Amino acid sequence: MSWDDDESTGDRRRDPARRASGREILLQVAGYLGLVTAVVVLVVGAVVAVTVWGVAAKPGGFAAPSASGRGAPLPPVSASPAEADAGADAGAQAATDDPNELTGSEVAPLVEPEPEAEPEVESDWLTTVSSATGIPARALSAYALAHVSIAAEEPTCGIDWTTIAAIGSVESGHGSHGDSVLGADGLVQPTILGPALDGDGVAAIRDTDGGALDGDVTWDRAVGPMQFIPSTWEMWGADANLDGSADPSQIDDAAYAAARYLCASGPMTTPEGWRAAVFSYNHLDSYVDKVARIANGYADALG
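Here the residue numbers are simple positions, counted from 1 along each chain's written sequence. Given that the model is predicted, a residue must reach a pLDDT of at least 70 before its local features are reported, and side-chain atom pairs must reach 80 or more before they are shown or counted; all residues, however, enter totals for whole chains, interfaces and linings. Hydrogen atoms and water are omitted, and side-chain values are computed over all heavy atoms in the structure.

The helix count covers DSSP runs of H or I at least four residues long, the strand count covers runs of E at least two residues long, and both are numbered beginning at the N terminus. Counting its secondary structure elements, the protein contains nine helices and four strands. Burial classes follow relative accessibility: with a 1.4 Å probe on protein chains only, a residue under 20% of its type's maximum area counts as buried, one over 50% as exposed, and anything between as partly exposed. Residues classed as buried in the protein amount to 32% of the 303 residues present. Only heavy atoms matter for contacts: two residues are in contact if any of them lie within 4.5 Å across the pair. A separation threshold of at least 6 residues defines the contact pool for the protein, and within that pool the share at least 24 residues apart is 56%. As displayed, the protein has an accessible area near 17700 Å², and 58% of this comes from carbon and sulfur atoms. Under the convention used here, a 1.4 Å probe and the Shrake-Rupley method define accessible areas, while residue burial counts only the protein chains that appear.

As structure tokens, then:
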């Protein structure tokens, strides 16, 4: 019955003096309680949904800012002492040669320019930073030199050694995963291999290198201290230590290749750019957040 019907009970709107029965009061109270309950359920459901979505998007919480690396200054480097001395000796010898002593039939010997001295991270910096961060000095040297090299090669990238070191920490404990040891030559032995990428809880990637890098002719495996998949190494592998071989198990090569790979995503000078680059290395937000925490921890350790 609509509120406008006029039956023998009378129009309820036109008889305000009439008292509602106890049954009617109970029905009204029940209706109000039902309405309130429905509203509360909707609000709680919305809050839960937003919270779940927020935590999924940002593991630190919906209101937490996305973690990203803050960066660190360029490490101090100097020329290799041996090569610098060789260059100085060559310059001194050239200065003693008097072209006026040559006869008209003689030709000045061709002097090839000395190769440019490779930079070395200053030992005081290595000692101080290694002690403060706990990063082994040999690994730290590789990360620092990768920072220096990529800064010269791609100055707009903005990657720094703390990010490279954080990835090295997550991927292999700076080359110490399992029973492996990082040698003075930068080689990690025995080789660090990830699980077979056979699709069982991991991506399925059939062998791409004939087992040359990972020893597996059926499936690919991540290799070395920075855990490069063979097909990725084929594209980004680098010979940073100039020994004539690009080796993912050699930490100088691997660190520099990682820097090049990360910079390929674009500038890392903003939180969004930094996260996008690290996400390209491993497609998990939790991985990006972990790398950010470790990288910022290294930066904080320096004061």
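Here the narrative resumes.
With that out of the way, let us pick up the packing of aromatic side chains. Any pair of Phe, Tyr and Trp rings, taking the six-membered ring for Trp, is counted once the centres come within 6.5 Å. Such a pair is stacked with planes under 30 degrees apart, edge-to-face with planes over 60 apart, and tilted for the rest. Applying the stated criterion across every chain, the model contains five aromatic pairs. Taking the centre distance of 6.1 Å and the plane angle of 75 degrees together, the rings of Phe228 and Tyr281 count as edge-to-face. Taken as a pair, Phe228 in the loop between strand 4 (188–189) and helix 6 (230–236) and Tyr281 in helix 8 (residues 271–281) lie far apart in primary sequence, 53 residues in all. For Phe228, a relative accessible area of 4% gives the class buried. On the basis of relative accessible area, Tyr281 is assigned to the buried category, the value being 14%. Three or more aromatic residues joined by ring pairs make a cluster, and in this case those are Phe228, Trp233, Trp236, Tyr261 and Tyr281.

Looking now at the side chain of Asp214. Topologically, Asp214 is positioned in the loop between strand 4 and helix 6. Neither His nor the chain ends contribute to the count of charged residues, in which Lys and Arg are positive and Asp and Glu negative. The salt bridge criterion pairs a side-chain nitrogen of Lys or Arg with a carboxyl oxygen of Asp or Glu, the two atoms within 4 Å. No salt bridge forms around the buried Asp214; measuring N to O, its nearest opposite-charge neighbour Arg221 is 5.9 Å away. The definition of a polar contact used here is a pair of N or O atoms within 3.5 Å, where within protein one atom must be able to donate a hydrogen and the other to accept one, and adjacent residues in sequence count solely through side-chain atom pairs. A polar contact of 3.0 Å, which involves the side chain of Asp214, links it to the backbone nitrogen of Asp216. Reaching out from Asp214, the side chain makes a polar contact with the backbone nitrogen of Arg221 at a distance of 2.9 Å. Beyond its immediate stretch of four places on either side in the chain, Asp214 contacts Leu193, Asp207, Asp209, Trp219, Asp220, Arg221, Val223 and Pro230.

This part is about the state of the cysteines. By convention in this document, the label disulfide applies to cysteine sulfur atom pairs within 2.5 Å. Tallying each qualifying case throughout the model produces one disulfide. There is a disulfide in this structure between Cys157 and Cys263, and the S-S distance comes to 2.0 Å. Between Cys157 and Cys263, the disulfide has an S-S torsion of -85 degrees and is therefore left-handed. Of this pair, Cys157 sits in the loop between helix 4 (137–153) and helix 5 (161–172) while Cys263 sits in helix 7 (residues 251–263), and the two are 106 residues apart along the sequence. Owing to a relative accessible area of 2%, Cys157 belongs among the buried residues under this scheme.

Looking now at the pattern of salt bridges. Once their charged atoms are close, side chains differing in charge can pair, the charge on each being opposite to the other. Applying the stated criterion across every chain yields a total of six salt bridges. The closest approach of N and O atoms between Arg70 and Asp300, which form a salt bridge, is 2.3 Å. Here Arg70 is found in the loop between helix 1 (22–57) and strand 1 (77–79), whereas its partner Asp300 is found in helix 9 (residues 285–301), with 230 residues between them in sequence. Taken individually, Arg70 and Asp300 each receive the classification exposed, so the pair is uniform in this respect. Of the charged contacts in the structure, one is a salt bridge between Arg138 and Asp252, with a shortest N-O distance of 2.5 Å.

Once that is clear, we can look at the packing of helix 3 (residues 123–133) against helix 4. Packed helices, taken two at a time, are described by their axes: the angle between them and the distance between them. Convention adopted: a line fitted to C-alpha atoms gives each axis, helices being fitted over their contacting stretch, and angles between N-to-C directions are expressed from 0 to 180 degrees. It is at 10 Å that the axes of helix 3 and helix 4 come closest, and there the two elements cross at 115 degrees. Between helix 3 and helix 4, the crossing angle belongs to the class labelled roughly perpendicular. Every pair of crossing elements has a handedness; the one defined by helix 3 and helix 4 is right-handed. Contacts between helix 3 and helix 4 involve Trp125, Leu126, Val129 and Ser130 from the first element and Ala137, Leu140, Ser141 and Ala144 from the second. Here roughly perpendicular refers to angles of 65 to 115 degrees, roughly parallel to angles under 35, roughly antiparallel to angles over 145, and oblique to all remaining angles. Here is the rule for handedness: rotate from the far helix to the near one, and if that takes an anticlockwise turn smaller than a right angle the crossing is left-handed, while a clockwise turn gives right-handed.

At a minimum axis separation of 8 Å, helix 7 and helix 8 run at an interaxial angle of 120 degrees. Classified by the angle between their axes, helix 7 and helix 8 sit oblique to one another. The two elements helix 7 and helix 8 cross, and the hand of that crossing is right-handed. Contacts between helix 7 and helix 8 involve Ala258, Tyr261 and Leu262 from the first element and Ala277, Val278, Ser280 and Tyr281 from the second. Throughout, the ten residues Ala, Val, Leu, Ile, Met, Phe, Trp, Tyr, Cys and Pro are labelled nonpolar, Asp, Glu, Lys and Arg are labelled charged, and all others, Gly among them, are labelled polar. When its residues are assigned to classes, the contact of helix 7 with helix 8 shows six nonpolar, one polar and no charged.

Summarising the element assignment, His174 is placed in the loop between helix 5 and strand 3 (181–182). Here the side chain of His174 touches Tyr298 through a polar contact of 3.1 Å, side chain to side chain.

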